[in-house]
Amino acid sequence: MISVLLVDDEPVLLDIGRMFLERTGDFRVGEAESGLVALQRMNSDSYDAVVADYEMPEMDGLALLRKVRESWPDIPYILFTGRGREEVVIEALNSGADFYLQKGGDPKAQFTELAHKIRQAVLTRKASSDLKESEETFRQFFDAAGDAIFILDRDRITDCNMKALDILGRSREDVIGKDP
């Protein structure tokens, strides 16, 4: 089950969004009627994704995005708004939003697309996190190996472990990119 925080200053839209997403059976939805309330909820509860409106009093969706990125850099963030200005889209994506979806049209189609984007963003972030963790584990084993290990690409050394550097008596910068 994916835990989502919906942030919108319009209670009716929060209710519709929550009902639609929870009806799929894939989501548990928390609600916040402002950016400040959203930050309070995120400090007290754990969420897998944030879906926020752009135009809200006190703190708009972009300001909330920046605050979320400061404290929760890896949580998926989707700007779901009626504002369709190109500069808002560009700023949202440049500030770290995973997706930007515009409200309007057929509610069933727009919430189906929202659900799809939430799933996609959560899976992508999880895969990225898992890959990073796997790479860190590999690096620990690679550097701790008792034997010298060199990784070659054609005729160049692309990496080597600490044992190899100790045997050579050289730094990583002196070895990487050089002929074996």
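Note that the coordinates shown come from a computational prediction; the quantities given were computed from them, not determined experimentally. (Residues numbered from 1 in each chain as written. Predicted model: local features only at pLDDT ≥ 70, side-chain atom pairs only at ≥ 80, totals over all residues. Heavy atoms only, no water.)

Draft legend 1. Molecular detail of the packing of helix H1 (residues 11–23) against helix H5 (residues 107–144). In the contact formed by H1 and H5, the axes pass within 10 Å of each other and the chain directions differ by 65°. If you check the angle between H1 and H5, you find them roughly perpendicular. Crossing geometry of H1 relative to H5 is assigned as right-handed. Note on element contacts: H5 touches H1 through Lys108, Phe111, Thr112, Leu114, Ala115 and Ile118, opposite Ile16, Gly17, Phe20 and Leu21. Residues that form the contact of H1 with H5 fall into these classes: seven nonpolar, two polar and one charged. (Axes fitted to C-alpha atoms, helices over the stretch in contact; angles between N-to-C directions. Helix = DSSP H or I, 4+ residues; strand = E, 2+ residues; numbered from the N terminus. Parallel < 35°, antiparallel > 145°, perpendicular 65-115°, else oblique. Left-handed = near helix turned anticlockwise from the far one by under 90°. Contact = heavy atoms within 4.5 Å. Nonpolar A, V, L, I, M, F, W, Y, C, P; charged D, E, K, R; others polar.)

Draft legend 2. The nonpolar core, seen in detail. By size, the foremost hydrophobic cluster in this structure holds 24 residues, and its most contacted members are Val7, Leu64, Tyr77 and Leu79. Secondary-structure elements contributing two or more residues to this core are strand E1 (2–7), helix H2 (35–44), strand E3 (49–52), helix H3 (61–71), strand E4 (77–81) and helix H4 (86–94). Those residues in contact with Leu64, other than ones at most four positions away along the chain, are Val7, Gly35, Ala38, Leu39, Ala52, Met59 and Tyr77. (Core = buried A, V, L, I, M, F, W, Y, C linked by side-chain atoms within 4.5 Å. Buried < 20%, exposed > 50% of the residue type's maximum accessible area, 1.4 Å probe, protein only.)

Note that every value here comes from positions in space, so none of it alone points to a role or purpose.
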